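Structural characterization, general
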Amino acid sequence: MMRVVVASNNEGKLREIRHVLEPLGWEVLRASDVGGAAPDVEETGATFLENALLKARAYAETFDCVALADDSGLEVDALGGAPGVRSARYAGEPSDDAANNAKLLAELADVPAGERTARFRCVIALVWPDGRVLAADGVCEGSIGFEPRGSGGFGYDPLFLPDATPGRTMGELSPDEKSAISHRGSALRALREALEQTGLTDC
C-alpha cells in the first residue's frame, strides 16, 4: 500500500485523487489525518511543476512521509494562455470560483465560439522525505462556454466544454466520466504507471 499525504485541503481535488488512487490500494491522507498542521506554502513558481514541487517538498519535510501535490489551471488561447498558474486567484485573493468564472466570461465576452479554445493542464509531483521525486502531467483539451452549466466539479468546470464530451461541460459529468478524461485523472494515471515502472515504495 502506498501511503501519501496530499498537499491540499481542496475537497474537489481530494475527491478526484481518491477516486483514482484508492481503488488501487493507495491510502490518501490529508494533513489532519497524520496529526499535524499543514505548512503554509507560497506558490511562487512560474510553472505548474515548480508550484507542485514547492508544495510536495514542504509536506514531505513536515510530515516525514511521501507527499503528493498538484498544480493545475486553465489555459485559454484567446487570452494568451491566461489564467494559467494564476487560475485559482484569477479574480484576486481570496480564491473564489464564482468570481473567477465571472471574470473569465467578461474577458471573453467578444470572443466567438470558434476562438474560445482552451485546455486544463495538471502537473502532479510525488516527493519522498529523502528527496526522491516523481512527476507527471496531464492535459484535457476543450473550449470555454458562454454560461456556466452543471453543479458537479469545481473551479472552471461549469464553463469548460471538453472535446471528449461534445455539448457537455465538465460540471455536467459524473465523477467517473470526469476522471476518465480530466487533466488530473490523466496525470494521476501517468504518475501511477511511472511509479510502477520505477518500483519506488512509500516511506
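In case you missed it, the structure is sitting above this.
This write-up is about the structure you can find in this document.

Here the focus is the sheet that holds strand E1 (residues 3–6). Spatial strand order, E2-E1-E3-E4-E5-E6: 6 strands in an open sheet with mixed pairing. Looking at which strands have only one partner, the edges of the open sheet turn out to be strand E2 (27–29) and strand E6 (160–162). Taking the axes of each pair of neighbouring strands and ignoring which way they run, one obtains an average angle of 35° across the sheet. With 2 bridges connecting them, E1 and strand E3 (residues 67–76) associate as parallel partners. By the bridge assignment for E3, Val5 is matched with Ala67. Sheet strands in contact with helix H2 (residues 48–63) are E1, E3, strand E4 (117–127) and strand E5 (133–144), and its direction is about 160° off that of E3.

So, on to the pairing of E1. Where E1 meets E2, 3 bridges bridge the pair, whose relative direction is parallel. What sits directly across from Arg3, in E2, is Glu27. Where the polypeptide runs from E1 across helix H1 (residues 11–21) and back to E2, its parallel neighbour, the crossover connection is right-handed.

So, about unusual backbone geometry. Glycine aside, the phi torsion of most residues is negative, and most peptide linkages are trans. The step from Ala82 to Pro83 runs through a cis peptide bond, and the omega angle for that step is 0°. Note that the residue after Glu93, namely Pro94, is joined by a cis bond; omega there is -10°. Here Pro94 shows up in the loop between E3 and helix H3 (97–107). Of note, the phi angle at Asp64 is positive, near 50°, even though the residue is not glycine. Inspection of the secondary structure assignment puts Asp64 in the loop between H2 and E3.

Moving on to the state of the cysteines. As enumerated under the stated definition, the model contains 0 disulfides in all. In this model Cys140 remains outside any disulfide bridge; the closest cysteine sulfur is found in Cys122, 11 Å from its own.

So, on to the packing of H1 against helix H5 (residues 183–198). It is the contact of H1 with H5, at a shortest axis distance of 10 Å, that shows an interaxial angle of 45°. Judged by the angle between their axes, H1 and H5 are oblique. Judged by the twist between their axes, the crossing of H1 over H5 is right-handed. Facing Lys13, Glu16, Ile17, Val20 and Leu21 of H1, the residues of H5 in contact are Arg184, Gly185, Leu188 and Arg189.

The next subject is the pattern of salt bridges. The tally for this structure, following the rule as stated, stands at 18 salt bridges. Residue Arg184 pairs with Asp70 through a salt bridge whose shortest N-O separation is 3.2 Å. Of this pair, Arg184 sits in helix H5 while Asp70 sits in strand E3, and the two are 114 residues apart along the sequence. Taken as a pair, Arg184 and Asp70 share a single burial class, namely buried. Several salt bridges converge on common partners, so that one network encompasses Lys13, Glu16, Asp70, Asp157, Lys178 and Arg184.

Here is what the cut-offs are and how they apply
- Residues numbered from 1 in each chain as written.
- Predicted model: local features only at pLDDT ≥ 70, side-chain atom pairs only at ≥ 80, totals over all residues.
- Heavy atoms only, no water.
- Pairing = 2+ DSSP bridges.
- Helix = DSSP H or I, 4+ residues; strand = E, 2+ residues; numbered from the N terminus.
- Axes fitted to C-alpha atoms, helices over the stretch in contact; angles between N-to-C directions.
- Contact = heavy atoms within 4.5 Å.
- Right-handed = clockwise from strand over helix to strand, strands pointing away.
- Disulfide = S-S within 2.5 Å.
- Parallel < 35°, antiparallel > 145°, perpendicular 65-115°, else oblique.
- Left-handed = near helix turned anticlockwise from the far one by under 90°.
- Salt bridge = Lys/Arg side-chain N within 4 Å of Asp/Glu carboxyl O.
- Buried < 20%, exposed > 50% of the residue type's maximum accessible area, 1.4 Å probe, protein only.

Note that every value here comes from positions in space, so none of it alone points to a role or purpose.
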